[in-house]
Amino acid sequence: MTPLRVVQWTTGNVGRRSVRAVAAHPDLDLVGCYAWSPEKVGRDVGELCGIDPVGVLATDDVDALLALGADVVVYNPMWPDVGELERILASGADVVSTAAFIGGQALGSDRERLVAACERGGSTMFGTGISPGFVELIGIVAAGICDRIDKITIDEASDTTLYDSPATELPCGFGRRIDDPDLAPMAAAGTAVFGEAVAMVADALGVQLTEVVCEAEYAQTTEDVVMDSWTIAAGCVAGVAASWQGRVGDRTVVELNVRWKKGQTLEPDWKIDEGHVITVDGRPTVKVKLEYLPPPDFEATTFADFMVLGMIMTAMPAINAIPAVVAAPPGIVTYTDLPLPLPRHLVR
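All values reported here derive from a predicted model rather than from experimental measurement. (Residues numbered from 1 in each chain as written. Predicted model: local features only at pLDDT ≥ 70, side-chain atom pairs only at ≥ 80, totals over all residues. Heavy atoms only, no water.)

Caption draft 1: Fine view of the pattern of salt bridges. Under the defined criterion, the tally for this structure stands at 16 salt bridges. Note that Glu86 and Arg113 form a salt bridge whose closest N and O atoms lie 2.8 Å from each other. Remark: Arg113 occurs in helix α5 (residues 110-121) and Glu86 occurs in helix α4 (residues 82-90); sequence separation between them is 27 residues. You can call Arg113 partly exposed: its relative accessible area is 32%. When salt bridges that share partners are traced, they join Glu86, Asp110 and Arg113 into one network. (Salt bridge = Lys/Arg side-chain N within 4 Å of Asp/Glu carboxyl O. Helix = DSSP H or I, 4+ residues; strand = E, 2+ residues; numbered from the N terminus. Buried < 20%, exposed > 50% of the residue type's maximum accessible area, 1.4 Å probe, protein only.)

Written as structure tokens, this is what we have:
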């Protein structure tokens, strides 16, 4: 087959892993790369991503990138930029995204801008990641052995003390005074993409939800939590939990829970069981625990080195979905609209 032409969008932590995966894939051809940082413009993308030169220079010229006529853009910013995505999709390029996007419902009316852009460009928009995204796909697959499904619950828990990313954590309420009157809705706003994932799971079950709600919980630290780039002061939020629930009437049929903490002085003291636990209540009841471990040859001397695994897990669901997304009809699609993405060409 003729390799699919790929443009990479940003070369941050996740983007670097995407570039490595695209460069190593015989069915993908990296033809362009968008750089957000001026100091990256004009540099070889391979060198930016810690591999040998690939013969493609990073640029901030969006028009030039869209003129390449790529089949797909691998979109790896931290958050979605609707205007940017609108331009990409209207140009005719499909998008696989890890930027807090599953179905786009959290965008409100801006979602229709993306739908219209897909119609103009004949393009397809798909969002995933490790969570939400791929973990929900595993939950859907696990439910496939049941002849009755009462409820699907996915629990995510993590001590994120060493995960130094205030840009993703401040919007959820981390660092706010525990008595801040503006705190209450922040967990829902900062984790809204999980609500989109609830809708995707319900769609897989063929269930019409009557409402999707978020119940939030916060915990404060009794001592300062000092991290590399910021500090959470005593009396401020160092624990955030959000429970996204899809209901039919007064019955919850899909529940996605996240519980994140920082530091060891939380009040109340949350016990964290790292990883994801998927529970399908039904006949039979199915329970799956996902743990993420380094391979024997993995070398890491710092937590930042170890976090490479998380970036790989975020990037690869989108990369593996590229052939299915390119083959899909125009519009916004989720895992429920695609054949099972396959991890081709990864046995080495």
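Caption draft 2: Region of interest: the packing of α4 against α5. For the pair α4 and α5, interaxial distance at closest approach is 7 Å and the crossing angle is 15 degrees. Here α4 is positioned roughly parallel relative to α5, judged by the angle of their axes. As α4 runs across α5, the sense of the crossing is right-handed. Across the interface between the two elements, Val82, Gly83, Leu85, Glu86, Leu89 and Ala90 from α4 touch Asp110, Arg113, Leu114, Ala117, Cys118, Arg120 and Gly121 from α5. Taken together, the residues of the contact of α4 with α5 break down into seven nonpolar, two polar and four charged. (Axes fitted to C-alpha atoms, helices over the stretch in contact; angles between N-to-C directions. Parallel < 35°, antiparallel > 145°, perpendicular 65-115°, else oblique. Left-handed = near helix turned anticlockwise from the far one by under 90°. Contact = heavy atoms within 4.5 Å. Nonpolar A, V, L, I, M, F, W, Y, C, P; charged D, E, K, R; others polar.)

Caption draft 3: Main features of the packing of aromatic side chains. According to the stated counting rule, one finds four aromatic pairs in the structure shown. Aromatic pair Phe298 and Phe306: ring centres 6.4 Å apart, planes at 85 degrees, arrangement edge-to-face. Taking the relative accessible area as the measure of exposure, Phe298 reaches 25% and is therefore partly exposed. A cation over an aromatic ring shows up here: Arg259 above the ring of Trp270, its NZ or CZ 4.4 Å from the ring centre. (Phe/Tyr/Trp six-rings, centres within 6.5 Å; stacked < 30°, edge-to-face > 60°. Lys NZ or Arg CZ within 6 Å of the ring centre and 35° of its normal.)

Caption draft 4: Molecular detail of unusual backbone geometry. Here the amide bond leading from Ser131 into Pro132 is cis, since omega sits at 0 degrees, within 30 degrees of zero. Between Arg283 and the following residue, Pro284, the backbone shows a cis peptide bond with an omega angle of 0 degrees. Looking at where Pro284 falls in the secondary structure, it is placed in the loop between β13 (275-283) and β14 (286-290). One non-glycine residue, Thr10, lies in positive phi territory at about 80 degrees. By relative accessible area, which is 12% here, Thr10 ends up buried. Even without glycine at this site, Ala100 takes up a positive phi of about 50 degrees. One can find Ala100 in the loop between β4 (94-97) and α5.

Caption draft 5: How the structure looks around the pairing of strand β1 (residues 4-9). Counting buried residues along β1, five of its six residues qualify, which places the element largely inside the surrounding structure. Pairing between β1 and strand β2 (residues 28-34): six bridges, direction parallel. Residue Leu4 lies in a different strand from β2, and its bridge partner there is Leu28. The handedness of the β1 to β2 crossover, carried by helix α1 (residues 13-24), is right-handed. Summarising the sheet, β1 and strand β3 (residues 72-75) pair through four bridges and their orientation is parallel. The residue bridging Gln8 from the neighbouring strand is Val74, located in β3. (Pairing = 2+ DSSP bridges. Right-handed = clockwise from strand over helix to strand, strands pointing away.)

Caption draft 6: Representation of the nonpolar core in the model. Counting 75 residues, the largest nonpolar core has Val45, Val96, Phe126, Ile232, Val280, Ile319 and Ile322 as the members making the most contacts within it. Apart from the residues within four sequence positions on either side, Val280 is in contact with Gly139, Ala142, Ala143, Cys146, Ile149, Lys151, Ile152, Thr285 and Val286. (Core = buried A, V, L, I, M, F, W, Y, C linked by side-chain atoms within 4.5 Å.)

Caption draft 7: A look at the pairing of strand β11 (residues 251-261). When you tally the buried positions in β11, you get nine out of eleven residues, the bulk of the element. Across eight bridges, strand β6 (residues 148-159) lies against β11 in parallel orientation. Considered in β11, the bridge of Ala157 is made with Arg259. Where strand β10 (residues 237-248) and β11 come together, ten bridges link them in antiparallel fashion. Bridge assignment links Arg247 to a residue of β11, and that residue is Thr252. Taken together, β10 and the strand that follows it, β11, pair antiparallel across an intervening segment of two residues, in which Gly249 is found at a positive phi of about 65 degrees.

No statement about biological role is implied by the geometric values presented.
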